[in-house]
Every structure is written in structure tokens, then in C-alpha cells.
Amino acid sequence: MTNQLFTMHTLDWVIVVVYILAVLSIGGYFARRVKNQGEFFVASKKLPWFICSLAFMTVLISAQDIVNYSQTGYDAGFCAYLMYIDDMGWAILFLAIGLPIYFLSGIYSVPEYMERRFDKKTRVVSSVAMLLFMLAMMSFNAYAIGVMLNQMFGIDVFWGMMVITVITAIYTTAGGIMSVMITDTLQAVLIFVGGGFILFKGMDYAGGFSKMLEYTPVNNRSCFTSLFDPNYPMLGMFFGGSFAITAAWYFAHQGNIQKILAARTLNQARVVTLVFMGILMPVGVLFTGTPGVIMRSIVEQGKHAPLEQSAQAFLALVGIIASPGILGLIIAFVLSAMMSTGSTYINSAVTIWVNDVWMQIFPNKSDRYYLRVSRISSVVIAIGIPIIYAQYFMKFDSLMTAFYSITSAVMPGMVLAVLCGIITRRIHSNTVTLMIVASIVGCMFAVFMPDQFLAPFTFGTYGTPGASWYNSLAALVWAVVAGVIGQIIWHKQEKPDSAYYGMVFFAQSNEKLSQMYWEAIRRGKKGYIELSTDEIKKIAES
């Protein structure tokens, strides 16, 4: 328990309560309209591109991003933006080869693609990797809001985390992805209004952009740090964020993929990705790291005492600009960032759990049955899992270090497996399964036995806060070694060329992918993944 830093006035409470009631009302509205798992998971591809784009953007700006990157902005300046610089390359690659396969095939989840591309065991290990990733992201987001509420109002971290998580679980469980997407649109507006106000008022208090930059320490004015910086090592940040998280963001991030797949057409799905990458992401990024940069400049100007903990950079700036009504708006902004991201991860984790685990164990049940299982799972996952993960996150002084120590580390093998599956016929199912398993094992070893399995990969930075960035490098090395060994053992092409139609991007032309999709739609299917191999072969070779 900490001392209460902020006092809510009547107007602040009105704003927050109205916001929460609006979110819950949307969940209740769509609860009566969601009739099957297709509507619960991908909204049956009914949503326009602008809603999908705004919903996509809200995943980028979460409670952990606001706290984490503000801390990074205060400590290290513009390197808080580093994680986003390399997005364009991965986004273009995804637009070119990943999106057509994901959208036209009709999949609900990445593991579903992995089974059709490889086999059942690959789907199982993919589901494990994706669940570890999604549950860790969901839990850290909840933990971050608990920490923030504790610092702002003295609320116990656990209870603050659980109250907001329960609210998020209610509307997510009720309306599924439809509820998530519509509430995300509302929350995107709040994010732009609240985030924009914080930047405008904060920058004004700092004396404008020029003066803020003048008083930003020289070493903090670059987006790049030294390769082996003890807190923010460039090499570690590349593997921990730029490679693992950013590649996964497009190719293996279930939450993002679901929001793209909810678009009405393939072209609208492309527009969603382009609008996010070219417009919404650059603007949204300013709302995360910039408050910390501004706060550091204010401290350097002598307008505020140095912070005892840099993790409080965002809250310190809020304390400077907050006033009755404005504080309520900022609280709504923070809650919208947390709840929009939390609802995405809840729905994504449930999608994988039901679609890729439960339905494989209990097949051929009714839509009503799977919808009921989805809603029960949503409550259990949303409320139970964060309690477990929070115990791990509490060990770290830096929220950013805690975040990347595990959330990025389980994904290198998964990302490599997906990319290899989409690009080439020559990768064997046993090889990609081994890669994913090796990545998870390497991550767990690095986390729980760091002296033996993390230290060798840290380039002399072991024992510093920045060492945890290298967890994903350890997992990547394990995955690459496993891939090489696997290809030596299983070097022959596993299936005939015709088995890769619609699964490997270069196995057929884009025109044939579209023909397969529309033939499937004509037959009442969700995509060509529901056509038989012979049916796909006939279209692809015609």
C-alpha cells in the first residue's frame, strides 16, 4: 500500500462511471446477438475497415505500454520509440505473404493454420506457445494497471488488478469479439483525446517542444542506445522486442490477427493493416514514451524534484496537469488502454483454448455448446491466470524488463515456424514442432535457471537490469539449433506439392488463392481451409 497521490472529485467519478457503464452496456447489447463461435471469435467478417483499424490500434496502447515506455522515456529518452521503428518491414512482409493466406483460408487461429500446413502435433505445440504468450501479455497488462492504481490512489495492487479485470471479463465474455471491437472503437477515441491532452498540456508545461528537447539529456536524444547498455542494451532490445515481439505482432499475435480477420474483404483487411502501420501507430506511439521524455525535461529544468522511481514518470506528469474533470478523463484514458488490450488478450486466449484445444478433444458439438464453453473459459482465464503471473512479475524493479523477460521469449520458435511454413515447402512438420518446443524450453530455462541458461547469451551484461532482454535470444538460439538439426534428420519434402496449395504462399498464384476462397464461400464454407485437398487441387491446377 502506498500513500494516495490523487484525489477524485465528483466530476471525475461521473466521467469514469459513465465510461464503465458504456462499456458494460455494449457487452450486454452484443451478448444477445452472438449466436455461434464464428461471431464470438472473428465477428463472421462483418466489420468495416475503420472499426478494425481503431481496434487494432488499441492493442498497441495498453496500460503496460503507458507505464513501461514512459519509464523508458524518462530513463533513456527517445529509445522508447525503438520497438516501433522496424514495424514497417514486418508489416510489408505480412501484407505480401501472410495476410492473403490467413484471410482467404478462413482460419480462426494461427494453430489452426499450423495443423493444416503441417499436422496435429504442430497444432498442439503451437497452441501451447500461443497460450503462454497471450496469457502472459494479458496478465502483465492487468498487473500494470494494478501497479498504476496503487501508485495513484493507494489501492492494493491485487485488488486493483482484479476489479478492472472482472469488468473487462464481463463485457468480453458477453459479446465476444464483436463487443471487443466496438468497445475498442470507443476506447480508441478516449485514447486519442486523453493521450493528446496529456501531451499538449505536458509539452506546454515544459515550455514547448524546443525547450523540452533542449533540456533532454544529450544521451537521451537518440532512438538508439549502445549495444551492451546495462539497462537498455541495443542488441538485447533487438532480439527481445524488434525480432520476437514485432514479428509476432503480425504473423503470430492472435489478438491482432483476429481483428484483421474481422474485416469484410481481403482488400479491407489490407487497408486495416496499412492504416494502422502508416497512421495510427505513429500517432499512438507518441502517447506511450513521450510522457516520460517530457517529465525528464521538466525535472532537468528544475520545475519538479527528481523522481525516486522512474516508473512513476507518467503519474508524475499527470499530477502536474490534473485538475477536477481532467483527472477523470485521464483515468478513463488509462482504463480504456488497459481494458481494450485486456479484452483482446482474453478473447484471443479463449479462441486458442476453445478452437485449438477443446474442440479437438470434444469435436462435433453444437454452436450453442461451443459458445457456452467459450464464455465459461473467458471468465476462468480472465480472473484466474493473472494471479499466477503476477507473482513472477513482482520480482522485477523495472516493468519493462519484467514484460520482455517472458512475453517475447516464448515466441522466436513460433515466429520461425510460421514464416517457414508460409514461405517454403521444404520444412518438415517434425522440424517446426522441435523448433517451437526448443524455444519454449530455452525460455523456461533462461527464466528459472538464469545462471546456467541466460548468462551465456548476455554478452557480459548478466547481473544488470538489461540482461532479461536476452531471454528471447536464448530462446531463438535454441529454436535455430533445433531447426538445423531437424532439417538434417528430416530433409526430404514431407508431402506432395498439391498438399501445399493454399498453405504455402509460393505454391500457387494469388489469383488461385482468391478462386479457392470464393468457391468455398459459394459452398457455404468459412474459407478454403474447409475444402478437401482434392477440391483445392482441382482449382489450383485448372
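Conventions used here
Residues numbered from 1 in each chain as written. Predicted model: local features only at pLDDT ≥ 70, side-chain atom pairs only at ≥ 80, totals over all residues. Heavy atoms only, no water. Helix = DSSP H or I, 4+ residues; strand = E, 2+ residues; numbered from the N terminus. Buried < 20%, exposed > 50% of the residue type's maximum accessible area, 1.4 Å probe, protein only. Contact = heavy atoms within 4.5 Å. Areas by Shrake-Rupley, 256 points an atom, 1.4 Å probe, with all protein chains shown as cover. Salt bridge = Lys/Arg side-chain N within 4 Å of Asp/Glu carboxyl O. Axes fitted to C-alpha atoms, helices over the stretch in contact; angles between N-to-C directions. Parallel < 35°, antiparallel > 145°, perpendicular 65-115°, else oblique. Left-handed = near helix turned anticlockwise from the far one by under 90°. Nonpolar A, V, L, I, M, F, W, Y, C, P; charged D, E, K, R; others polar. Phe/Tyr/Trp six-rings, centres within 6.5 Å; stacked < 30°, edge-to-face > 60°. Polar contact = N/O pair within 3.5 Å; in protein donor to acceptor, adjacent residues only side chain to side chain.

1. Some remarks on the overall build of the protein chain
Then comes step 1: Scanning the protein chain for helices and strands turns up 23 helices and zero strands.
Then comes step 2: Considering the protein chain as a whole, with its 542 residues, one finds that 62% of them fall into the buried category.
Then comes step 3: Sequence separation of at least 24 residues holds for 82% of the intrachain contacts in the protein chain that already meet a minimum separation of 6.
Then comes step 4: Carbon together with sulfur atoms contributes 66% to the accessible area of the protein chain, which is approximately 19,600 Å² in total.

2. Regarding the pattern of salt bridges
Then comes step 1: Inspection of the entire model under this criterion finds ten salt bridges.
Then comes step 2: Between Glu115 and Lys120 there is a salt bridge; the shortest N-O distance is 3.2 Å.
Then comes step 3: By relative accessible area, which is 22% here, Glu115 ends up partly exposed.
Then comes step 4: When the shortest N-O distance is used, the salt bridge between Asp119 and Lys121 registers 2.4 Å.
Then comes step 5: Each member of the salt-bridge network shares a partner with another, and the members are Glu115, Lys120, Arg123 and Asp356.

3. With respect to the packing of helix α8 (residues 120–153) against helix α19 (residues 429–448)
Then comes step 1: Taken N-terminus to C-terminus, the directions of α8 and α19 make an angle of 25°; their axes are 9 Å apart at the nearest point. What the angle tells us is that α8 and α19 run roughly parallel. Here α8 and α19 pass one another in a crossing that is left-handed. On α19, the residues that touch Lys121, Thr122, Val125, Ser126, Val128, Ala129 and Leu132 of α8 are Ser429, Asn430, Val432, Thr433, Ile436, Val437 and Ile440.
Then comes step 2: Broken down by class, the residue content of the contact of α8 with α19 amounts to eight nonpolar, five polar and one charged.

4. A short note on the side chain of Ser429
Then comes step 1: Within the secondary structure, Ser429 sits in helix α19.
Then comes step 2: Residue Ser429 is classed as buried on the basis of its relative accessible area of 0%.
Then comes step 3: Beyond its immediate sequence surroundings of up to four residues, Ser429 is in contact with Phe118, Asp119, Lys121, Thr122 and Glu494.

5. With respect to the packing of aromatic side chains
Then comes step 1: The final tally for this structure, using the stated rule, is 17 aromatic pairs.
Then comes step 2: On the basis of an interplanar angle of 80° and a centroid distance of 6.5 Å, the ring pair of Trp90 and Phe251 is categorised as edge-to-face. Within this pair, whereas Trp90 is found in helix α6 (residues 87–105), its partner Phe251 is found in helix α11 (residues 234–251), the two being separated by 161 residues in sequence.
Then comes step 3: Assessed through its relative accessible area of 17%, Trp90 is described here as buried.
Then comes step 4: Aromatic pair Phe445 and Trp478: ring centres 5.6 Å apart, planes at 70°, arrangement edge-to-face. Of this pair, Phe445 sits in helix α19 while Trp478 sits in helix α21 (residues 471–489); the two residues are 33 residues apart in sequence, bridging distant segments of the chain.

6. So, the side chain of Asn355
Then comes step 1: Of note, Asn355 is situated in helix α15 (residues 326–361).
Then comes step 2: Of note is the side chain of Asn355, whose polar atom sits 3.2 Å from the side chain of Glu112.

7. Considerations on the environment of Arg116
Then comes step 1: With respect to the element layout, Arg116 can be found in helix α7 (residues 110–117).
Then comes step 2: Look at Arg116 and you get partly exposed, because its relative accessible area is 23%.
Then comes step 3: Measuring from C-alpha to C-alpha, the distance between Arg116 and Tyr500 comes to 9.1 Å, with 384 residues separating the pair along the chain.
Then comes step 4: Residues contacting Arg116, with those up to four places away along its chain left out, are Lys495, Met503, Tyr528, Ile529, Glu530, Leu531, Ser532, Thr533 and Ile536.
Then comes step 5: At a separation of 3.2 Å, a polar atom in the side chain of Arg116 contacts the main-chain carbonyl oxygen of Leu531.

8. Points about the environment of Phe506
Then comes step 1: Examined against the element boundaries, Phe506 turns out to sit in the loop between α21 and α22 (510–522).
Then comes step 2: Put simply, Phe506 and Ile97 are 409 residues apart on the chain and 8.6 Å apart in space, counted from C-alpha to C-alpha.
Then comes step 3: The contacts of Phe506, once residues within four sequence positions are left out, are Ile97, Ile423 and Arg425.

9. Examining the environment of Met212
Then comes step 1: Looking at where Met212 falls in the secondary structure, it is placed in helix α10 (residues 209–214).
Then comes step 2: Along the primary structure Met212 and Gln301 are separated by 89 residues, whereas in three dimensions their C-alpha atoms are 8.8 Å apart.
Then comes step 3: For Met212, the contacting residues outside a window of four places in its chain are Met203, Ala206, Val293, Ile294, Ser297 and Gln301.

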